[in-house]
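The chain contents come next:
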Amino acid sequence: MLTLRKASERGAANHGWLKSFHTFSFANYWNPNEQGFSDLLVINDDRVAAGKGFGQHPHRDMEIFSYVLEGALEHKDTLGTGSVIRPGDVQLMSAGSGVAHSEFNHSQTRGVHFLQIWIVPAVAGAEPRYQQEHFTDAQKRGRLQLIISPDGHDGSLSVRQDARVYAGLFNGDEAATLDLPPDRHVYIHVARGSVEINGQRLQEGDGARVRDEQQIRLGHGDDAEVLVFDLRPQELPQMP
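This is a predicted model, so every value here is computed, not measured. (Residues numbered from 1 in each chain as written. Predicted model: local features only at pLDDT ≥ 70, side-chain atom pairs only at ≥ 80, totals over all residues. Heavy atoms only, no water.)

**What to know about unusual backbone geometry**
Condition: Helix and strand assignments follow DSSP, with helices taken as H or I runs no shorter than four residues and strands as E runs no shorter than two, numbered in order from the N terminus. The classification of residues rests on relative accessible area computed with a 1.4 Å probe and restricted to protein chains. Under 20% of the type maximum is buried, over 50% is exposed, and intermediate values are partly exposed.
Of note, Asn 198 is a non-glycine position whose phi angle comes to about 50°, a positive value. Within the secondary structure layout, Asn 198 lies in the loop between strand S17 (185-197) and strand S18 (200-202). For Asp 223, which is not glycine, the phi torsion reads 50° and is therefore positive. Relative to the elements of secondary structure, Asp 223 occurs in strand S20 (residues 215-231). For Asp 223, a relative accessible area of 53% corresponds to the exposed category.

See below:
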């Protein structure tokens, strides 16, 4: 079963310097029917104006990763990490027992467009850590490249949860499949372009919850960039 979550149904926030769409409940957007999916809690589609950003703020017990689509995102944290994240880079910050970070548009002249995604960890109070890897277009072209996994398999970043994240680029006849065990849930997010998922057309910003399917089939893309989340079969309780 594939349940669509249309881009137009997402929460929206416009702070001038920040324009954001929230797939799931976040900040001032509250939807009792959209409280994450399994351990996937947040997908924020953020556009930050030139020279602007998020000042230092704390997190704990959350796996937070950023996926840049356009521009460059500058990151600094209390672990002593400083980096610039560009398209193709995947950044994962495991907040663990507590960390503070800031995120700013690295450019003074152009905007940055990125996804920030939160996954609930399996353990609380772990030591904070930071990871960043680059995945080329060639690695993602016409296939699903593993970018996040529990054990860092195949050069992926290691997450403290039974979750795997794949990224793929699809155009024209390019296609890929992902076989699913019977006890898994999947969430699909179309970061840009459009693509067919098991025969259904998804546009930029659309998402889909997938349950009780043996296989995910992606194809007939139109400059599509897609993230696929392989998750445990559980629903999160409502946020307080």
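On we go from here.
**Digging into the UniProt feature "binding site: Fe cation" (unreviewed entry) in the protein chain**
Put simply, the test is: UniProt positions are given in the numbering used here, feature names are shortened, and annotations may be inferred rather than shown by experiment. The contact criterion used throughout is that any non-hydrogen atoms of two residues lie within 4.5 Å.
Residues annotated by UniProt as "binding site: Fe cation" (unreviewed entry) correspond here to His 57, His 59, His 101 and Glu 103. In sequence the annotated residues extend across 47 residues, while in space they remain close, none of their C-alpha pairs exceeding 13.0 Å. Once residues lying within four places of it in the same chain are set aside, the contact partners of His 101 are Gly 55, Gln 56, His 57, His 59, His 75, Lys 76, Asp 77, Met 93 and Gln 116. Along the chain, the position of Glu 103 falls in strand S10 (residues 99-105). Apart from the residues within four sequence positions on either side, Glu 103 is in contact with Gly 53, Phe 54, His 57, Ser 66, Leu 73, Glu 74 and Gln 116.

**Details of the packing of aromatic side chains**
We count it as follows: Any pair of Phe, Tyr and Trp rings, taking the six-membered ring for Trp, is counted once the centres come within 6.5 Å. Such a pair is stacked with planes under 30 degrees apart, edge-to-face with planes over 60 apart, and tilted for the rest.
Within the structure shown, the criterion is met by 5 aromatic pairs. On the basis of an interplanar angle of 75° and a centroid distance of 5.3 Å, the ring pair of Trp 17 and Phe 54 is categorised as edge-to-face. Of this pair, Trp 17 sits in the loop between strand S2 (11-14) and strand S3 (18-22) while Phe 54 sits in strand S5 (residues 53-59), and the two are 37 residues apart along the sequence. Residue Trp 17 is classed as partly exposed on the basis of its relative accessible area, which comes to 27%. Measuring from ring centre to ring centre gives 6.1 Å for Phe 37 and Tyr 187, while their planes differ by 55°; the resulting arrangement is tilted. One end of the pair, Phe 37, is in the loop between S3 and strand S4 (40-48); the other, Tyr 187, is in strand S17, with 150 residues separating them in the sequence. Using a relative accessible area of 0% as the deciding quantity, one classes Tyr 187 as buried.

**Focus: the sheet that holds strand S6 (residues 63-70)**
As a reminder, the rule being used: Note: two strands are recorded as paired if DSSP finds a minimum of 2 bridges between them. Every angle, taken between N-to-C directions, lies between 0 and 180 degrees, and every axis is a line fitted to C-alpha atoms, over only the stretch in contact when it is a helix.
Here 7 strands make up an open sheet; going across it, the order is S2-S3-S4-S11-S6-S9-S12 and the pairing antiparallel. Strand pairing shows two members of the sheet lacking a second neighbour, S2 and strand S12 (129-134), which therefore form its edges. Neighbouring strand axes in the sheet, compared pairwise and without regard to direction, differ in orientation by 15° on average. In this structure, S2 lies alongside S3, joined through 4 bridges in antiparallel fashion. Paired with Gly 11 across the bridge in S3 is His 22.

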